[in-house]
Amino acid sequence: MNLLLIPRVAFRAIIQNSMRSALTALGIIIGVAAVICVVAIGEGASARIEQAITNIGANMIWIEAGGANRGGVRTGSHGTKGLTVDDMKAIQERVPLVTNVSPQVDTRAQLVYGNQNWNSTVRGVLPAYLAVKGWDVVRGGVFTDADVERGANLCVLGQTVVDQLFGSADPVGQSIRVKDQSCQVIGVLAVKGQSATGQDQDDTFLMPYTSVMKKIKGQTWLDDIMCTATSAAVVDRAEEEIAVVLRDRHHIRPGADDDFNLRHPTEIAEAVRQSTQTMELLLAAIASVSLLVGGIGIMNIMLVSVTERTREIGLRMAVGARGRDVRMQFLVEALILALIGGAIGMIVGVAGSRAISNAFSWPTRVSPNAILLAFGFSAAIGIFFGFYPASKAATLDPIDALRFE
């Protein structure tokens, strides 16, 4: 049989049984669409995490107050009050691998402007905090080191706080009440979005750390110290030197536990990324099961087709068709069904990914590799599950086939 004639014959057989062919391809359509949607959701999550890592900064170092052992009872993080302003200054002076050092004093408080109020994170910092976080001010400015020294009641707002208290109005120059303090807004931060752990980074309210320590919280110690290494390559060395300085200042004996914690936030983001990738692979594997089901459907329908077309097969063999020609014809039919299902599944998958993104405000990213992989897998399914029915058709005896009623 002419090789160019085989696809025409296969198409004709598919069209003659259009309803059955459509139902057969449905399993492939669903499988391909499911794989593309799942991978798109996972790729979108990975993109969000990558952005979060970028926002955090690859060379950021976070020093937090650690726990303590009191009578056999161990407190968690921030269980001690030993992290001080002098510690921060010592790190600045004695660790040359560190730059952009800022203390951090956190609390939550009700913010009030006019008849609007909002509960947010109030964070006391130095101006260097914005360099540590890679955060820009889009309106107004930021308080200075001189403002910090005098404990000025000045603040810079995240966009979420602006939206909740001011709506579309310009907050710069307005006053917000924080507990019993009146604080003047001098700047608005650029939008950061969610962190790698899903927290709203824009729901923040920055003040000089001296103001928060003395007027808002009434404490003399720091919750955290934020800083950056001079480059991502020296983060580990910088952390080691910071640990030496703090252990010396806190008079910690050799072998004793630290009363502080050193964290590299990108490690947290990487852990989230790995969890997301594992879940993506799991969901993609589950979605691939529907492709296998679609392949089994193709095999079943092709077996039925062989039974129904036994006389046709016998007639073809009687006029000179060889077994390999018959095998090729049925194999091409199975492949065409799988490819048609794969093509439609690609369209449905891309449309479904966009619909999920719009409906749930979840970022999706359709990867060309995922599309090609799903399409190629559908073709492989068609060949694999179509081979047995094609081989069965090729082994029919033409005389017996012509006698078949």
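Notes on the structure in this doc start here.

Cut-offs and rules
- Residues numbered from 1 in each chain as written.
- Predicted model: local features only at pLDDT ≥ 70, side-chain atom pairs only at ≥ 80, totals over all residues.
- Heavy atoms only, no water.
- Helix = DSSP H or I, 4+ residues; strand = E, 2+ residues; numbered from the N terminus.
- Buried < 20%, exposed > 50% of the residue type's maximum accessible area, 1.4 Å probe, protein only.
- Contact = heavy atoms within 4.5 Å.
- Lys, Arg positive; Asp, Glu negative; His and termini not counted.
- Salt bridge = Lys/Arg side-chain N within 4 Å of Asp/Glu carboxyl O.
- Polar contact = N/O pair within 3.5 Å; in protein donor to acceptor, adjacent residues only side chain to side chain.
- 1 Å grid on protein atoms, 1.4 Å probe; cavity = no way out; pocket = protein on both sides within 12 Å on 5 of 7 lines; lining within 4 Å.
- Points joined across faces, edges and corners; volume = space filled by probe spheres on them.
- Nonpolar A, V, L, I, M, F, W, Y, C, P; charged D, E, K, R; others polar.
- Core = buried A, V, L, I, M, F, W, Y, C linked by side-chain atoms within 4.5 Å.
- Phe/Tyr/Trp six-rings, centres within 6.5 Å; stacked < 30°, edge-to-face > 60°.
- Pairing = 2+ DSSP bridges.

**Some thoughts on the environment of Lys192**
Right, so step 1: Mapped onto the secondary structure, Lys192 falls in the loop between β9 (181-189) and β10 (204-208).
Right, so step 2: Among the residues examined, Lys192 registers a relative accessible area of 11% and is labelled buried.
Right, so step 3: Sequence separation between Lys192 and Gly158 is 34 residues; the distance between their C-alpha atoms is 8.6 Å.

**Some remarks on helix α3 (residues 85-94)**
Right, so step 1: Here α3 has its buried residues at Val85, Asp87, Met88, Ala90 and Ile91.
Right, so step 2: Contacts from the buried residues of α3 go to β1 (60-65), β4 (98-113), α7 (209-217), β11 (224-229) and α8 (235-249).

**Examining the side chain of Asp202**
Right, so step 1: Within the secondary structure layout, Asp202 lies in the loop between β9 and β10.
Right, so step 2: No salt bridge is formed by the buried Asp202. Its closest oppositely charged neighbour is Lys192, at 8.1 Å.
Right, so step 3: Polar side-chain contacts of Asp202 include one of 2.6 Å to the backbone nitrogen of Lys192.

**Focus: empty space enclosed by the protein**
Right, so step 1: Applying the stated criterion across every chain, the model contains 1 cavity of 30 Å³ or more.
Right, so step 2: Here the largest cavity defines a volume of roughly 90 Å³.
Right, so step 3: Taken together, Ala13, Ile14, Asn17, Arg20, Ser21, Ile301, Met302, Ser305, Arg309, Glu333 and Leu337 form the lining of the largest cavity.
Right, so step 4: Looking at the lining of the largest cavity, the elements that each hand over two or more residues are α1 (5-16), α2 (18-56), α9 (265-308) and α11 (323-360).
Right, so step 5: Residues that form the lining of the largest cavity fall into these classes: 5 nonpolar, 3 polar and 3 charged.

**Observations concerning the nonpolar core**
Right, so step 1: Core analysis: the largest hydrophobic core is formed by 63 residues, its most contacted members being Ile63, Leu157, Ile176, Val178, Phe205 and Ile242.
Right, so step 2: Sorting elements by how many residues they give to this core places α8 first, with 6 residues.
Right, so step 3: Those residues in contact with Ile242 that sit more than four places away from it in its chain are Ile61, Ile63, Ile91, Val95, Val98, Cys227 and Leu262.

**Section: the packing of aromatic side chains**
Right, so step 1: Taken as a whole and assessed by the stated rule, the structure comprises 2 aromatic pairs.
Right, so step 2: Ring geometry for Tyr113 and Phe166: centres 4.2 Å apart, planes at 40°, overall tilted. With Tyr113 in strand β4 and Phe166 in the loop between α6 (159-165) and β8 (175-178), this residue pair connects regions lying 53 residues apart in the sequence.
Right, so step 3: Centroid distance Phe384 to Phe385: 5.0 Å. Interplanar angle 85°. Geometry classified as edge-to-face.
Right, so step 4: For Phe384, a relative accessible area of 62% gives the class exposed.
Right, so step 5: For Phe385, a relative accessible area of 10% gives the class buried.

**A few points about the pattern of salt bridges**
Right, so step 1: Applying the stated rule across the entire model yields 8 salt bridges.
Right, so step 2: Arg263 serves as the salt-bridge partner of Glu64, at 2.8 Å between the closest nitrogen and oxygen. Note that Glu64 is positioned in strand β1 and Arg263 in strand β12 (residues 260-263), a separation of 199 residues in sequence.
Right, so step 3: Looking at Glu64, the relative accessible area reads 3%, which means it is buried.
Right, so step 4: You can call Arg263 partly exposed: its relative accessible area is 33%.
Right, so step 5: Note that Asp147 is salt-bridged to Arg150, the shortest N-O span being 3.0 Å.

**Comments concerning the pairing of β10**
Right, so step 1: With 5 of 5 residues buried, β10 is to be regarded as a mostly interior element.
Right, so step 2: Two strands pair when backbone bridges link them, and strand β5 (residues 116-125) and β10 are joined in this way by 5 bridges, in the parallel orientation. Across the sheet, residue Val122 finds its bridge partner in β10, namely Phe205.
Right, so step 3: Pairing of strand β7 (residues 154-157) with β10, which is carried by 2 bridges, proceeds in the antiparallel orientation. Bridging across to β10, Val156 finds its partner in Leu206.

Shape descriptors only; they carry no functional weight alone.
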